[in-house]
Amino acid sequence: MPLSAPFPTLTYDAATDRPREECGVFGVRGAERAAVLTAFGLQALQHRGQEACGVTSFDNGRFHSERHLGLVADNFTDPARLDALAGNIAIGHVRYSTQGAPVLRNVQPLYADVRGGGLAIAHNGNLTNSRLLREELVSAGAIFQSTSDTEVILQLAAKSRKTKAADRLLDALKQIEGAFALVALSNDKMVGARDPLGIRPLVMGELEGAIILSSETCALDMIGARLIREVEPGEAVIISETGIQSVRYAPKTNPRPCAFEYIYFARPDSVIAGRSVYDTRKRMGRRLAEETPADIDVVVPVPDSGIAAAIGYAETIGKPFDLGIIRSHFVGRTFIQPTQAKRDLGVKRKHAANAAVLKGKRVLLIDDSIVRGTTSKKIVRMVREAGAKEVHFRSACPPITHPDFYGIDMPMREELMAAAHEPEKMRAMLECDSLGFLSVEGLYWAVCNAPRDPEKPQLADHYFTGEYPTRLADFERAVSAKDQQLSLLVDA
């Protein structure tokens with residue numbers, strides 16, 4: 001569906017000029033000290049969210065929960081804290097907020113006592129009808145304690161007339177829209193579910209008899225688990241001591257996984273829908289080389305997300321691949337700096353030019369994407385200042401012309417460089433000698449090894465096409481800024 005109405009503003013990391021991370025979910029059932037395994041799994045998913053983390057476990061009829069702001073390694077390495085999370089079943093979450101501020105009351109897993117037992121939920125994605133549902137629930141007397149759209153799922157489950165907590169959750173899933181992959185605890189059961197289009201990923205694995213749920217396969221590898229299969233779009237799996245029950249809560253349809261999982265978000269060593277993310281990114285680079293060749297001396301990735309595509313590009317044109325930009329992995333996040341000058345300094349602290357590689361060379365830079373272009377311009381200047389003779393720039397994905405509403409924060413359309421300017425204008429603004437993008441068809445060749453089906457697109461590709469895969473109920477109402485305030489509570 002095309003974008004056809006005004007939309008509310010989303011937050012965005014302007015300093016790094018990157019789409020902000022989503023979230024990651026992980027769950028274990030049937031393992032001794034399940035919370036410890038969950039903490040390990042969350043560390044492997046840390047790239048999906050660095051604002052907050054939480055773990056909830058179940059043992060002997062009771063739920064135990066620890067939720068904190070910050071990184072997993074800073075909050076879940078204390079043995080006493082992990083010992084407090086008793087039980088052989090646990091779920092966890094790493095968070096970047098797309099709905100709800102980064103404060104403790106929004107940190108997941110969220111928990112509620114409902115008829116039929118307790119229910120805890122950890123959710124990756126974004127519901128596109130959560131505001132409508134929230135208004136209906138509040139009108140019916142519901143009391144919300146957070147501004148996270150995940151709490152809408154809990155409230156719907158609480159309102160359900162089903163008797164068992166797991167069935168109440170399934171009832172809620174039938175009412176929500178958008179993109180989601182979630183794990184939940186319902187007394188001694190663990191539930192995993194994906195949205196009907198499979199926009200957000202979720203896989204199931206096994207470790208010495210224990211069943212694992214994870215946003216990505218890299219977390220299974222971290223703990224030594226084997227992959228069983230993906231949770232199917234529109235499927236919920238209910239895992240108990242009697243086994244795994246598969247429930248289809250939505251009819252089968254053509255899946256549309258998120259294109260940006262392959263382009264940027266997923267870790268390179270993960271596998272999505274049977275496709276290696278690393279190999280897919282190399283294929284993007286190969287196709288990019290065929291579509292946008294350049295007479296250059298060296299191919300340089302913008303680390304780290306441009307590395308695989310740069311390797312594929314260099315292999316295709318037979319030119320050297322080299323690390324002309326060095327990234328520091330030990331620099332704090334730059335977007336919190338109070339002035340633009342300090343934010344600019346933060347960008348320079350994250351990326352340093354390797355003059356030994358760049359000086360006197362015709363350099364081709366490859367990045368995963370161009371959003372607003374602010375960081376891309378700084379990097380082009382930095383490479384020139386290091387002595388590059390020419391600087392060419394390539395994006396390993398198509399021009400981003402539309403925002404996302406499924407759990408990825410991007411600027412509004414007027415702030416997206418490719419939406420506001422033609423390619424030649426963009427080249428001049430970036431101050432590079434040439435500029436090129438992977439085509440939409442090239443992206444489909446890299447990911448699907450097939451052309452895009454205009455009637456039934458195989459990916460959620462709205463960033464490039466404006467064709468949103470679901471109804472955007474909340475945002476089509478063109479609500480006022482006052483209407484968008486979810487809570488009067490302000491956290492210090």
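Residues numbered from 1 in each chain as written. Predicted model: local features only at pLDDT ≥ 70, side-chain atom pairs only at ≥ 80, totals over all residues. Heavy atoms only, no water.

### Considerations on the overall build of the protein
Cut-off, in case you're wondering: Elements are defined by DSSP. Helices are runs of H or I of four residues or more, strands are runs of E of two residues or more, and each kind is numbered from the N terminus. For every residue, the accessible area (1.4 Å probe, protein chains only) is compared with the maximum for its type, and the residue is labelled buried under 20%, exposed over 50%, or partly exposed between those bounds. We call two residues in contact whenever any of their non-hydrogen atoms come within 4.5 Å of each other. The Shrake-Rupley method, run with a 1.4 Å probe, gives the accessible areas here. Residue values count only the displayed protein chains as cover.
Broken down by element type, the protein carries 17 helices and 21 strands. Here the protein, with 492 residues, has 58% of them falling under the buried criterion. Of the contacts made within the protein by residues no fewer than 6 positions apart, 69% connect residues no fewer than 24 positions apart. Taken as a whole, the protein presents about 19600 Å² of accessible surface, with 51% of it coming from carbon and sulfur.

### A short note on unusual backbone geometry
When glycine is set aside, most residues are seen to have a negative phi, and most peptide bonds are trans. In this chain, glutamine 108 is followed by proline 109 through a cis amide linkage whose omega measures 5°. The residue proline 109 is located in the loop between β4 (89-95) and β5 (110-114) in this model. Put simply, proline 303 and aspartate 304 share a cis peptide bond, and its omega is 0°. Mapped onto the elements of the fold, aspartate 304 is located in the loop between β16 (298-301) and α10 (307-317). The backbone phi angle of asparagine 60 is positive, close to 55°, even though this residue is not glycine. Tracing the backbone shows asparagine 60 in the loop between β2 (52-59) and β3 (62-69).

### Quick notes on the packing of helix α9 (residues 277-291) against α10
The condition is simple: Here an axis means a line fitted to C-alpha atoms, over the contact stretch when the element is a helix, while the angle between two N-to-C directions is reported on a 0 to 180 degree scale. Small angles under 35 degrees read as roughly parallel and large ones over 145 as roughly antiparallel, with 65 to 115 read as roughly perpendicular and the rest as oblique. Helix crossings are classified by the rotation of the near helix relative to the far one: an anticlockwise turn of less than a right angle makes the crossing left-handed, while a clockwise turn makes it right-handed.
Orientation of α9 relative to α10, taken along the N-to-C sense of each, is 45°, at an axis distance of 6 Å. As the angle between them shows, α9 and α10 are arranged oblique. In the packing of α9 onto α10, the handedness of the crossing is right-handed. Side by side, α9 and α10 meet where Tyr278, Arg281, Lys282, Gly285, Arg286, Leu288, Ala289 and Glu290 of the first sit next to Ala308, Ala309, Ile311, Gly312, Tyr313, Glu315, Thr316 and Ile317 of the second.

### A closer look at the confidence of the model for the protein
In low-pLDDT regions, the fine details of the predicted coordinates are not to be read closely. Condition: Note on scores: pLDDT gives the predictor's confidence for each residue, bounded by 0 and 100.
Considering every residue of the protein, the mean pLDDT works out to 89; 87% of them sit at 70 or more. Per-residue pLDDT stays below 50 along residues 1-15; that stretch engages in 56 contacts with residues further than four places along the chain or on separate chains. Confidence drops under a pLDDT of 50 for residues 488-492, and excluding neighbours within four residues, the segment shows three contacts in the predicted structure.

### Concerning the sheet that holds strand β13 (residues 243-248)
Defined as follows: The criterion for strand pairing is that DSSP finds at least two bridges linking the strands in question.
Strand order in the open sheet formed by six strands is β5-β6-β7-β8-β12-β13, with antiparallel pairing between adjacent strands. Taken across any chain shown, the strands that pair with only one partner, and hence form the sheet edges, are β5 and β13. Sheet twist, expressed as the average angle between the axes of neighbouring strands with direction ignored, equals 20°.

### Some details on the packing of aromatic side chains
Spelled out, the test is: Pairing of aromatic rings covers Phe, Tyr and Trp, the last through its six-membered ring, and needs centres within 6.5 Å; plane angles under 30 degrees mean stacked, over 60 mean edge-to-face, and all others mean tilted. By definition, being over a ring means that NZ of Lys or CZ of Arg is both within 6 Å of the ring centre and within 35 degrees of the ring normal.
Scanning the model with the defined rule gives 10 aromatic pairs in all. Ring geometry for tyrosine 406 against tyrosine 468: centres 6.5 Å apart, planes inclined by 40°, an arrangement best described as tilted. Taken together, the residues span a long stretch of sequence, with tyrosine 406 in the loop between β20 (390-395) and α14 (417-420) and tyrosine 468 in the segment after α17 (462-465) at a distance of 62 residues. For the pair formed by tyrosine 406 and tyrosine 468, the shared burial category is buried. Counting every residue linked through ring pairs, the aromatic cluster contains Phe260, Tyr264, Phe265, Tyr463 and Phe464. The ring of phenylalanine 144 carries arginine 134 above its face, with NZ or CZ at 4.1 Å from the centroid.

### Examining the packing of helix α5 (residues 150-159) against helix α6 (residues 165-173)
The relative placement of two packed helices comes down to the angle between their axes together with the axis-to-axis distance. For clarity, the cut-off: Charged residues are taken to be Asp, Glu, Lys and Arg, nonpolar residues to be Ala, Val, Leu, Ile, Met, Phe, Trp, Tyr, Cys and Pro, and polar residues to be all remaining types, Gly included.
As a packed pair, α5 and α6 sit with axes 8 Å apart at the nearest point and diverge in direction by 120°. Here α6 runs oblique to α5, going by the angle between their axes. Helix-helix and strand crossings are classified by hand; for α5 and α6 the assignment is right-handed. For the pair α5 and α6, contact is made by Ile153, Leu156, Ala157, Ala158 and Lys159 and by Arg168, Leu169 and Ala172, respectively. Split into classes, the residues belonging to the contact of α5 with α6 amount to six nonpolar, no polar and two charged.

### Some words on the pairing of strand β8 (residues 189-194)
Burial analysis of β8 places five of its six residues in the buried class, the great majority of the element. In this sheet, β8 lies alongside strand β7 (residues 178-186) in antiparallel orientation, the contact comprising six bridges. Residue alanine 184 lies in a different strand from β8, and its bridge partner there is valine 191. Relative to strand β12 (residues 235-240), β8 is paired through four bridges, and the arrangement is antiparallel. Bridged to valine 191 within β12 is isoleucine 238.

### Here's the deal with the nonpolar core
Within soluble globular proteins, side chains that are nonpolar tend to cluster in buried spots. Under the convention used in this document: In this text, buried Ala, Val, Leu, Ile, Met, Phe, Trp, Tyr and Cys residues form a nonpolar core when linked through side-chain atoms within 4.5 Å.
Phe260, Ile263, Ile366 and Phe464 are the most contacted members of the largest nonpolar core, which totals 45 residues. Taken together, the elements giving at least two residues each to this core come down to α8 (259-265), α9, α10, β19 (362-367), α16 (440-448) and α17. The dominant element in this core, judged by the number of residues it contributes, is α8, at six residues. Leaving out residues up to four positions away in the same chain, isoleucine 366 has contacts with Leu288, Val299, Val300, Pro301, Val302, Gly306, Ala309, Ala310, Tyr313, Arg394 and Ala396. Grouped together as the second largest cluster of nonpolar side chains are 32 residues, Leu127, Leu133, Ile153 and Ala172 included.

### Here we look at helix α13 (residues 374-385)
Filter applied, for reference: Expected helix span is taken as 1.5 Å per residue step, with the number of steps being one fewer than the number of residues. Here the arc refers to the set of directions running from the helix axis out to each C-beta atom.
Counted at 1.5 Å a residue, the expected span for α13 with its 12 residues is 16 Å, and the 17 Å between its end C-alpha atoms agrees. When α13 is considered as a whole, its buried residues turn out to be Thr375, Ser376, Ile379, Val380, Met382 and Val383. In an axial view of α13, the angular spread of the buried residues amounts to 165°, which keeps them on one side of the axis.

### Side note on the pairing of strand β10 (residues 210-214)
Note on strand geometry: in a regular strand, side chains alternate between the two faces of the sheet. Of all five residues in β10, five are buried; the element is thus mostly enclosed. Residues Ala210, Ile212 and Ser214 point to one face of β10 and Ile211 and Leu213 to the other, with burial holding for every one of them. Bridging between strand β1 (residues 24-29) and β10 involves four bridges; their strand directions are antiparallel. Looking at β10, one finds that valine 28 is bridged to isoleucine 212. Alignment of strand β9 (residues 203-207) against β10, held across five bridges, turns out to be antiparallel. Paired with glycine 205 across the bridge in β10 is isoleucine 212.

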